[in-house]
Amino acid sequence: QIPKDPTQRWLRELTALSQQLQQVHPNVLAKILKQRTVYQNEEIVVIDKPYGLPVHGGPGIKNCIADVLPILAKMLENMKADPLHLCHRLDKETTGVMVLARSKEAAEKIRLLFKTRQVEKIYWAIVLGDPDPVEGVVEIPIVEKEVQSHQSHYKMTLAPNYRLRPEDGKEVKIRKNRNAENAVTRYRRLASASACSLLELQPITGVKHQIRVHLAYGLGCPILGDHKYSHWSKLAPQKLPELTLRRLKLEQSKARHLPLHLHAHRLCLSLGQPLDFVCKPPLFFQKTLRKLELDIPKD
């Protein structure tokens, strides 16, 4: 039953996004990833990771990328192909450029490039609000903490090295949290409209949920559809500005269906020669950009 009303239809598409890939047979999933291959040579395979697909398995997860790597390798080469190897990870809800290695040696080499920050990663995100200033660097350590609320859960959060002295507002250095990891994210606004902005992001470090935490808690501009990091103490759908809801033709009660709008747009690394991969944002992301009248920059 396909709803006639385009808004209802869009809502249906959004709701189905994260469920559909969990319900297909692993062979079908491998076939989907094969179709989403953007580049391959004797060392690597680059895919455009779809929305809602976890990289690793876990409780309640039927399908993940790690599990279908042996099937994908055979589909790409021949029946005797070695399984592919993971080199880095993307969150389940993040889309875009992902590099897989054809051998253990290649995987080690690429992991080292990531570790020593020799891989340039560029993300695009649609966020609520407008960052101030419109471009800059967020450099605040991140730590995982338990949220004490009626539903206890864990979240990554900021662990700044400075605080403001209440009496005169002066910055005072404080002791670094032992478990906090240094995190640096460069950001730049590409467009803004409808109480939202399109940002280009370059994470210099690779801490879990870094971009999401730096945007939400560092800049006060959570990613559209980031229901986890739009508030601290509760697990609830993101509260959207009136104008945004109007442009998206959504009611606040349906906001929970909005997917995370974070896309790994570009990745550059050097393996003997410089390699540069770009993936266009997924369809739902492009539709949101159009609805919000955010002009996509011409590459």
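Labelled according to an unreviewed UniProt entry, the protein appears under the name Pseudouridylate synthase RPUSD4, mitochondrial, originating from Origma solitaria. One UniProt comment on the protein, placed under Subcellular location (unreviewed entry), says "Mitochondrion". Looking at the protein in UniProt, the text filed under Sequence similarities (unreviewed entry) is "Belongs to the pseudouridine synthase RluA family."

Draft legend 1. Representation of the overall build of the protein within the structure. Looking only at helices and strands, the protein features 7 helices and 14 strands. For 299 residues, the compact-globule estimate of 2.2 N^0.38 gives 19 Å, and the protein sits close to it at 20 Å. Projected onto its principal axes, the C-alpha positions of the protein cover 70 × 55 × 45 Å. Contacts in the protein between residues at least 24 apart in sequence constitute 64% of all its contacts with a sequence separation of at least 6. Put simply, the protein shows about 16,000 Å² of open surface, and 49% of that area lies on carbon and sulfur atoms. Across the protein, the mean location of the 47 positive side-chain charges is 5 Å away from that of the 31 negative side-chain charges.

Draft legend 2. Fine view of the packing of aromatic side chains. Applying the stated criterion to the full structure yields 4 aromatic pairs. Ring plane angle 75 degrees and centroid distance 6.0 Å describe the contact between Tyr217 and Tyr229, whose orientation is recorded as edge-to-face. Here the residue Tyr217 occupies a position in helix H5 (residues 210–218), and Tyr229 occupies one in the loop between H5 and helix H6 (242–248), the gap between them amounting to 12 residues. Overall, the relative accessible area of 23% leaves Tyr217 in the partly exposed class. Among the aromatic residues, those joined into a cluster by ring pairs are Tyr217, Tyr229 and Trp232. The aromatic ring of Tyr162 is capped on one face by Lys173, whose charged end is 5.0 Å from the ring centroid. Lys291 extends its terminal NZ or CZ atom over the ring of Trp10, reaching a point 4.4 Å from the ring centre.

Draft legend 3. Fine view of the nonpolar core. Grouped together as the largest cluster of nonpolar side chains are 69 residues, with contacts concentrated most on Ile65, Ile126, Leu201, Leu215 and Leu294. Three or more residues apiece are contributed to this core by two domains, here domain 1 (12–116) and domain 2 (120–267). Cys87, Val97, Ala107 and Leu269 belong to the second-largest nonpolar core, a separate cluster that totals 18 residues.

Draft legend 4. Examining the UniProt feature "domain: Pseudouridine synthase RsuA/RluA-like" (unreviewed entry) in the protein more closely. If you check UniProt for "domain: Pseudouridine synthase RsuA/RluA-like" (unreviewed entry), the listed places come out as residues 44–216 in our numbering. For the annotated span residues 44–216, helix accounts for 18% and strand for 38% of the residues, and the straight-line distance between the end C-alpha atoms is 34 Å.

Draft legend 5. Representation of the pairing of strand E11 (residues 184–193) within the structure. Relative to E11, strand E6 (residues 135–139) runs antiparallel, the two being bridged by 5 bridges. Opposite Glu135, over in E11, you have Arg188 as the bridge partner. Where E11 lies against strand E12 (residues 196–203), 8 bridges are found, and the strand directions are antiparallel. Looking across to E12, one finds that Arg188 is bridged to Glu200. What sits between the antiparallel neighbours E11 and E12 is a turn of 2 residues, in which Ser194 has the positive phi angle 55 degrees.

Draft legend 6. Inspection of the environment of Ala30 at higher detail. Mapped onto the fold, Ala30 is located in helix H2 (residues 26–35). We classify Ala30 as buried; its relative accessible area is 0%. Separated by 42 residues in sequence, Ala30 and Leu72 have C-alpha atoms that sit 5.0 Å apart. The contact partners of Ala30, leaving out residues within four places of it in the chain, are Val68, Ile71, Leu72 and Met75.

Rules behind the numbers
Residues numbered from 1 in each chain as written. Predicted model: local features only at pLDDT ≥ 70, side-chain atom pairs only at ≥ 80, totals over all residues. Heavy atoms only, no water. UniProt positions renumbered as here; feature names shortened; annotations may be inferred. Helix = DSSP H or I, 4+ residues; strand = E, 2+ residues; numbered from the N terminus. Rg over C-alpha atoms; globule rule 2.2 N^0.38 Å. Contact = heavy atoms within 4.5 Å. Areas by Shrake-Rupley, 256 points an atom, 1.4 Å probe, with all protein chains shown as cover. Lys, Arg positive; Asp, Glu negative; His and termini not counted. Charge placed at Lys NZ, Arg CZ, Asp CG, Glu CD. Phe/Tyr/Trp six-rings, centres within 6.5 Å; stacked < 30°, edge-to-face > 60°. Buried < 20%, exposed > 50% of the residue type's maximum accessible area, 1.4 Å probe, protein only. Lys NZ or Arg CZ within 6 Å of the ring centre and 35° of its normal. Core = buried A, V, L, I, M, F, W, Y, C linked by side-chain atoms within 4.5 Å. Domains from an automatic or database assignment. Pairing = 2+ DSSP bridges.

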